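Take a look at the letters that make up each chain.
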Amino acid sequence: DAKTTQPPSMDCAEGRAANLPCNHSTISGNEYVYWYRQIHSQGPQYIIHGLKNNETNEMASLIITEDRKSSTLILPHATLRDTAVYYCIVKAGTASKLTFGTGTRLQVTL
Amino acid sequence: GAVVSQHPSWVICKSGTSVKIECRSLDFQATTMFWYRQFPKQSLMLMATSNEGSKATYEQGVEKDKFLINHASLTLSTLTVTSAHPEDSSFYICSARDGLSSGNTIYFGEGSWLTVV
């Protein structure tokens, strides 16, 4: 599976959009981009995933560049409850396991 | 989204005893489940991949005789920590793959805190 690079930490003011970047320059054509987050002392929560097209659900939007070498997770109106470690993971749909890196620690502040 | 449930959420056991943690997929069938361990301020580390009806595949460095995994049905996998020691104290998390979802999405349980005293 392709490796990903994320900034170790980010801050965001409550109510503003949080834009979390992820680089995956070695991504293969059959690999999806998945985003999970882990709030302290809880299991990871699935947020969204995509292959080529931008995706949106009730939690977030995922913007994937045309060359698929990077992506951005957007939380449109961050709240304090969005404070968590966000993991960007690239995995082929047919592959089994998810390998976690160190993620981005997002701190949402008043 | 799909739901994966773990039980118990936390457990305290004495050194030398064994403890079992259950992982259930509540609204989908999971032919594949995964067990992770997480130490404080560290990322999740995959321990093993559990396939329904067959033996689990363990990651390098994980003792299969110490961490027994059983995946007897499409909705249940169990992790048994045998002869537990204080260094086994950790946050154990299971996940399950929904093979019918786009991209074979994997969903995680709430995690189980194990403290060995």
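Structure's up top.
These numbers come from a predicted model, not from an experiment. (Residues numbered from 1 in each chain as written. Chains lettered and ligands numbered in written order. Predicted model: local features only at pLDDT ≥ 70, side-chain atom pairs only at ≥ 80, totals over all residues. Heavy atoms only, no water.)

Trainee: Report on the interface of chain B and chain A, specifying residues and quantitative values.
Mentor: Taken residue by residue, the interface counts 21 residues in chain B and 20 residues in chain A. At the boundary of chain B with chain A, total buried surface from both sides reaches about 1,600 Å², with 52% on carbon and sulfur atoms. Three residues stand out in chain B for area buried against chain A, namely B:Gly103, B:Ile106 and B:Phe108, and they jointly supply 26% of the buried area on that side. Remark: the boundary between chain B and chain A carries one salt bridge. Secondary structure elements with two or more residues in the side of chain B that touches chain A: β4 (32-38), β9 (90-97) and β10 (106-108) of chain B. Broken down by element, the residue count for the side of chain B that touches chain A peaks at four residues, all from β4(B). Partitioning the side of chain B that touches chain A into residue classes produces 10 nonpolar, eight polar and three charged. (Contact = heavy atoms within 4.5 Å. Buried area = accessible area lost by both parts, 1.4 Å probe. Salt bridge = Lys/Arg side-chain N within 4 Å of Asp/Glu carboxyl O. Helix = DSSP H or I, 4+ residues; strand = E, 2+ residues; numbered from the N terminus. Nonpolar A, V, L, I, M, F, W, Y, C, P; charged D, E, K, R; others polar.)

Trainee: Before we move on, could you go through the sheet that holds strand β7 (residues 70-75) of chain A and cite the residues and values that matter?
Mentor: Residue and element names in this part refer to chain A. Spatial ordering of the open sheet is given by β2-β7-β6-β5, a layout of four strands whose pairing is antiparallel. At either margin of the open sheet sits one strand with a lone partner, and together these are β2 (18-23) and β5 (55-56). When β5 meets strand β6 (residues 61-64), the two strands line up antiparallel, connected through two bridges. Looking at β6, one finds that Glu-55 is bridged to Leu-62. (Pairing = 2+ DSSP bridges.)

Trainee: Lay out the environment of B:Tyr58 with the relevant residues and their values.
Mentor: Residues and elements named next belong to chain B. On the secondary structure map, Tyr-58 appears in strand β6 (residues 57-58). Non-local contacts of Tyr-58, meaning those with residues more than four positions away in its chain, are made with Met-47, Ala-48, Glu-63, Lys-64, Phe-67, Leu-68 and Ile-69. Of the polar contacts made by the side chain of Tyr-58, one reaches the backbone oxygen of Phe-67; its length is 2.6 Å. Within the structure, the side chain of Tyr-58 is placed 3.3 Å from the backbone nitrogen of Ile-69, a separation counted as a polar contact. (Polar contact = N/O pair within 3.5 Å; in protein donor to acceptor, adjacent residues only side chain to side chain.)

Trainee: Kindly report on the pattern of salt bridges, identifying the contributing residues and their values.
Mentor: Residues and elements named next belong to chain A. The final tally for this structure, using the stated rule, is four salt bridges over all chains. Among the salt bridges present, the one from Asp-82 reaches Arg-37, with a minimum N-O distance of 2.8 Å. Of the two residues, Asp-82 sits in the loop between β7 and β8 (84-92) while Arg-37 sits in strand β3 (residues 31-38), which places them 45 residues apart along the sequence. The two residues Asp-82 and Arg-37 agree in class, both being buried. (Buried < 20%, exposed > 50% of the residue type's maximum accessible area, 1.4 Å probe, protein only.)

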